[in-house]
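Coordinate analysis (summary)
Each chain, written out:
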Amino acid sequence: MPGNDSQWFTEACKEGGSAFSLMIREKLHDEQSKYQRIEVYATETFGNLMVIDGFVMLTARDNFLYHEMMSHPALFTHPDPRRIVIIGGGDCGTLREVLKHEEVAHALQVEIDERVTRISEQHFPELCVSNDDPRAEFFFGDGIQWMRDASDASVDVIIIDSTDPIGPAEGLFTEAFYLECQRVLGEHGVLVQQSESPLYHMGIINPMRKAMQRAGFSDIQTLFFPQPVYPSGWWSATMAGKQELATAFRAAAAKNKPFPTEYYNAAIHHAASTAPEFFHRALD
Ligand code: SAM
C-alpha cells in the first residue's frame, strides 16, 4: 500500500480529501532553490517525475496531455499567432509545443526560477529539444513584473503555465495581472492559463473567470482534459479572448496540422471546450 516510505512518492490533496502515489525507483535530485524545493525522482512506471514544494509538476509519461492542451487550442484560436509569451513553464514542455507552429516567429519563456529549466535540461531532455530553436528566448524573472514592463499590443498569445496560486504564482491569478495581459495582447489576443481541477477547484476557476471578464476579455472558455498525476486526475485550462473563441477556432488548420501530437486534434479541441452540466450551474 502507498505510504510515505522510501518506495512511494505521495502527494496528498487536502481540499479533495485524496492522495496520489507513484512507485519510486530512486531520487535523482533534491535542491532548495531561491524560490522553491525542486525534487526529481525516477519512477517505476511514469518515467522521471518533477516535484516542486511537494506538488507533482509533471512526469515523462503523461505531460503531453497538459503541454498540448496549454498550447495548441490557443494557437489554433488566434488568427495569426506570431509572438508568444509563456509565463512560468520552466520545464520547457509548453515551449516545445508552441514551436511546432511554423508561423510562430518568437516564443519567450518568462520563468522566475532558472533552476527549474536547468534541472529539466538534465532530467527531461525530451522536453527541452526545442530550446536551441532560434525563435526561442529565455528570460528568468517574475512574470508579473515582466507583464507590467511589456509594451502595449506586443504579444499575440500569452500562456500562463504556472504553479498553483500560492507563493510567487498567486499574483498570476488576479484581475490586476489580467488587466496587464489585456493591455499587452494585440487585437485578436488570446490568453490561456492552467486552471486546476474542475472537480476540486471551482473555488479557483470561478473567481479566475470573473477576474478575466472584469479585466475586459470578451469571451472565456475553460478546456477540460485528463491529467492522471494531478489531484482528481481531471484538469483544466482557461482561455480568455478579445473576440469570441469558438468562432475564431481555426478548425481546418487544426485538422490538417503539419506536426504530430499525442493527444490534441481538432475533435479533442471541440470536446475539451464543451462544459459539463455541473460546471454551468457552478458558474451561475
Ligand atoms: N504543469 C505544472 C503544474 O500545473 O503543476 C506547472 C509547471 S511549471 C514547472 C510552473 C512554473 O511556474 C514553475 O517552474 C515556477 O517557478 C513558475 N512560476 C511560478 N510563479 C511564477 C511567476 N510569478 N513568474 C514566472 N514564473 C513563475
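Along every chain, residues carry numbers that run from 1 in the direction the sequence is written. Local features in a predicted model are, by the rule used here, given only for residues with pLDDT of at least 70; side-chain atom pairs are given and counted only at 80 or more, and totals for whole chains, interfaces and linings are based on all residues. The side-chain figures draw on all heavy atoms in the structure; neither hydrogens nor water molecules are used.

Walk down a regular strand and you will see the side chains alternate between the two sheet faces. In this structure, strand E1 (residues 8–13) lies alongside strand E2 (residues 18–32), joined through six bridges in antiparallel fashion. Looking at the pairing, Thr10 lines up with Ser21 of E2. One bridge is not enough; two strands pair if DSSP finds at least two bridges between them. To qualify as a helix, a DSSP run of H or I must reach at least 4 residues; to qualify as a strand, a run of E must reach at least 2; elements of each kind are numbered from the N terminus. The turn linking E1 back onto E2 is made up of four residues, and Gly17 within it adopts a positive phi angle of 60°. In this sheet, strand E3 (residues 37–43) lies alongside E2 in antiparallel orientation, the contact comprising seven bridges. Bridging across to E3, Glu26 finds its partner in Ala42. In sequence, E2 turns back onto E3 through a hairpin of four residues.

Adjacent strands of a sheet form backbone hydrogen bonds with each other and so pair up, either parallel or antiparallel. Spatial ordering of the open sheet is given by E1-E2-E3-E4-E5, a layout of five strands whose pairing is antiparallel. Pairing within the sheet leaves two strands with one partner each, and these edge strands are E1 and strand E5 (55–59). Strand-to-strand, the axes of this sheet are offset by a mean angle of 45°, without reference to chain direction. Contact definition: two residues touch when any of their heavy atoms are within 4.5 Å. Note on geometry: axes are lines fitted to C-alpha atoms, helical ones only across the stretch in contact, with angles between N-to-C directions running from 0 to 180 degrees. Each of E2, E3 and strand E4 (48–52) touches helix H3 (residues 114–123); the most contacted strand, E2, lies at about 95° to it.

Turning our attention to the pairing of strand E12 (residues 234–241). Exposure is judged per residue with a 1.4 Å probe applied to protein chains only, and the accessible area is read against the type maximum: over 50% gives exposed, under 20% gives buried, and values in between give partly exposed. Most of E12 is tucked away: seven of the eight residues are buried. Relative to E12, strand E10 (residues 185–194) is paired through five bridges, and the arrangement is antiparallel. Looking at E12, one finds that Leu191 is bridged to Ala240. Here strand E11 (residues 219–226) pairs with E12 via eight bridges, running antiparallel. Its bridge partner being in E12, Leu223 is matched across the sheet by Ala237.

On to the site of the ligand, then. Consider each residue's heavy atoms; a residue with any of them within 4 Å of a molecule or strand counts as near. The local shell around the ligand holds 23 residues, among which Gln36, Glu111, Asp142, Gly143 and Tyr230 are the closest. The definition of a polar contact used here is a pair of N or O atoms within 3.5 Å, where within protein one atom must be able to donate a hydrogen and the other to accept one, and adjacent residues in sequence count solely through side-chain atom pairs. The contact in question runs from a nitrogen atom of the ligand to an N or O atom on the backbone of Ile112, over 3.2 Å. Backbone polar atom of Pro168 to a nitrogen atom of the ligand: 2.9 Å apart, as the coordinates give it. For the ligand, the accessible surface in isolation is 600 Å², of which the surrounding protein chains cover 99%. Those elements giving two or more residues to the shell around the ligand turn out to be E5 and strand E7 (106–111). If you count residues domain by domain, the shell around the ligand takes at least three from each of domain 1 (8–59) and domain 2 (63–283). Computed by Shrake-Rupley with a 1.4 Å probe, the accessible areas treat only the displayed protein chains as cover when residues are assessed. Per the annotation, domain bounds derive from an automatic or database assignment of domains.

Quick look at the side chain of Glu39 now. For Glu39, the position within the fold is in strand E3. Side-chain polar atoms of Glu39 contact the side chain of Tyr41, separated by 2.5 Å. Beyond its immediate sequence surroundings of up to four residues, Glu39 is in contact with Lys27, His29, Asp30, Leu49, Met50 and Val51.

Time to look at helix H6 (residues 202–214). In this scheme, a helix's expected span is set at 1.5 Å multiplied by one less than its residue total. Compared with the 18 Å implied by 1.5 Å per residue over 13 residues, the 18 Å span of H6 between its first and last C-alpha is a close match. Residues Met202, Ile205, Asn206, Met208, Arg209, Ala211 and Met212 constitute the buried set of H6. Along its buried surface, H6 packs onto helix H5 (175–184), E10, E11, E12 and helix H10 (277–283). Downstream of H6 by a residue or two, Gly216 has a phi angle that is positive, lying close to 110°.

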